[in-house]
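Residues per chain are reported as follows:
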Amino acid sequence: MKILLADALDVSAKLALEEIGHEVHVKTGVSADGLAEHLQGVEVLIVRSTRVTAEALRAADRLTLIVRAGAGVDTIDVEAASDLGIHVCNVPGKNAVAVAELTFALLLAIDRHIAEGAADLRQGYWNKKRYSDADGIMGKSIGIVGLGGIGLCVAERAKAFGLQVLGERKNGRSPHTEQRIRQIGIRLVDSLEELVRSSDIISVHVPFNDETNGLIDKDLIACFKEKAILINTSRGEVIDEPALIEAMDARAIRAGLDVFCD
């Protein structure tokens, strides 16, 4: 098969495909608009972040499969692919550990003021007293929105950091997932509102679809604790951004901080 890798993957992926007889071409950095010109003769397209539009799909003459090397398929026009008889699949869970580690990198950076400290240091300024003023995360509670593969990986690491882990109770979870929830020691609550009211940290790990579009909205944000930390490593559209900015500005004003808005 002729396979096109339109995003950067580890070289081992290309070598593994070639070892079993496939012809593999790598075209990283291709834009959504420019993808179409590279699809002639391609039977399998592998992407990560590259958006696959209906226009690109219609330009393909032999494409039968699109693989997204990630958890979601919202960057692919699945309806157009279906109309053209092109299969679409993804590989959920393969990047679960990486995303979980990113979650804690972001959390610790927030608590320890890493970004602000590094930015000031590059300007030749260092305020040790300010940047060493951290609350720490041990003993705090983290509410995980979405207990899929990534959410459970976050929960496991949260326990190692001494955090209390909360999740939302839901019907229809697999026996394997329910077992992992019990093994990790996640406390389940009945609603998202209860989850965020009880959490010092809220970490979001849900796919993007019609149900999760704007999931973290104005009403839910109103339930957050005053100094809650929100981390979203899923899709940006999951959060109502204007509502979040409004809430952040209001809380900054209550804390006596200057707020600057464009």
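Given the structure is predicted, the values throughout are model-derived calculations rather than measurements.

**Q** How do you make sense of the overall build of the chain when you look at a structure like this?
**A** Within the chain one finds eleven helices and ten strands. Principal-axis analysis of the C-alpha atoms gives the chain an extent of 60 × 50 × 35 Å. In the chain, which comprises 262 residues, the proportion classed as buried is 38%. The long-range share in the chain, meaning contacts at least 24 apart out of those at least 6 apart in sequence, stands at 51%. A total of about 15100 Å² of accessible surface is found on the chain, and carbon and sulfur atoms cover 51% of it. A distance of 7 Å separates the average location of the 30 positive side-chain charges in the chain from that of its 39 negative side-chain charges.

**Q** I tried to follow the packing of helix H7 (residues 149-160) against helix H8 (residues 175-184) on my own but got confused; where do I start?
**A** Packed helix pairs are characterised by how far apart their axes lie and by the angle those axes make with each other. Where H7 contacts H8, the two axes come as close as 10 Å, and the packing angle between them is 10°. By the angle class used here, H7 and H8 are roughly parallel. Of the two elements, H7 crosses H8, and the hand of that crossing is left-handed. Facing H7, whose interface residues are Leu152, Cys153, Ala155, Glu156 and Lys159, H8 presents Thr177, Arg180, Ile181 and Ile184.

**Q** How should I be thinking about H8 in this particular structure?
**A** In an α-helix, one turn spans 3.6 residues; hence positions three or four apart end up facing the same way. Taken together, the buried positions of H8 are occupied by Thr177, Arg180, Ile181 and Ile184. All buried residues of H8 lie within an arc of 105° about the axis, which places them on one face of the element. Opposite the buried face of H8, by more than 90 degrees, sit the exposed residues Pro175, Arg182 and Gln183. Residue Gly185 follows H8 closely and has a positive phi angle near 90°.

**Q** Whenever I open this one, the environment of Ala8 confuses me. Can you help?
**A** Position of Ala8 among the secondary structure elements: in the loop between strand S1 (2-5) and helix H1 (11-19). Once residues within four sequence positions are removed from consideration, Ala8 is found in contact with Thr28 and Arg48.

**Q** What is the right way to read the nonpolar core from this model?
**A** The nonpolar side chains of a soluble globular protein tend to be buried, and buried together. Counting 24 residues, the largest nonpolar core has Ile142 and Ile186 as the members making the most contacts within it. Sorting the residues of this core by element identifies helix H4 (96-111), strand S6 (141-145), H7, H8 and strand S10 (229-232) as the ones contributing at least two each. For this core, the element with the most residues is H7, which contributes six residues. Setting aside residues no more than four positions away along its own chain, Ile142 makes contact with Val154, Ala158, Leu163, Gln164, Val165, Leu166, Ser199, Ile201 and Ser203. Among the nonpolar cores identified, the runner-up in size contains 20 residues, and Leu45, Leu57, Ala81 and Ile86 belong to it.

**Q** Quick question: what am I supposed to make of the pairing of S6 here?
**A** Here is the key point about a regular strand: its side chains alternate between the two faces of the sheet. Counting buried residues along S6, five of its five residues qualify, which places the element largely inside the surrounding structure. Across the two faces of S6 the burial is the same, with Ser141, Gly143 and Val145 and Ile142 and Ile144 all buried. With four bridges connecting them, S6 and strand S7 (residues 164-168) associate as parallel partners. By the bridge assignment for S7, Ser141 is matched with Gln164. Pairing between S6 and strand S9 (residues 201-204): four bridges, direction parallel. Paired with Ile142 across the bridge in S9 is Ile201.

Rules and cut-offs
- Residues numbered from 1 in each chain as written.
- Predicted model: local features only at pLDDT ≥ 70, side-chain atom pairs only at ≥ 80, totals over all residues.
- Heavy atoms only, no water.
- Helix = DSSP H or I, 4+ residues; strand = E, 2+ residues; numbered from the N terminus.
- Buried < 20%, exposed > 50% of the residue type's maximum accessible area, 1.4 Å probe, protein only.
- Contact = heavy atoms within 4.5 Å.
- Areas by Shrake-Rupley, 256 points an atom, 1.4 Å probe, with all protein chains shown as cover.
- Lys, Arg positive; Asp, Glu negative; His and termini not counted.
- Charge placed at Lys NZ, Arg CZ, Asp CG, Glu CD.
- Axes fitted to C-alpha atoms, helices over the stretch in contact; angles between N-to-C directions.
- Parallel < 35°, antiparallel > 145°, perpendicular 65-115°, else oblique.
- Left-handed = near helix turned anticlockwise from the far one by under 90°.
- Arc of directions from axis to C-beta.
- Core = buried A, V, L, I, M, F, W, Y, C linked by side-chain atoms within 4.5 Å.
- Pairing = 2+ DSSP bridges.

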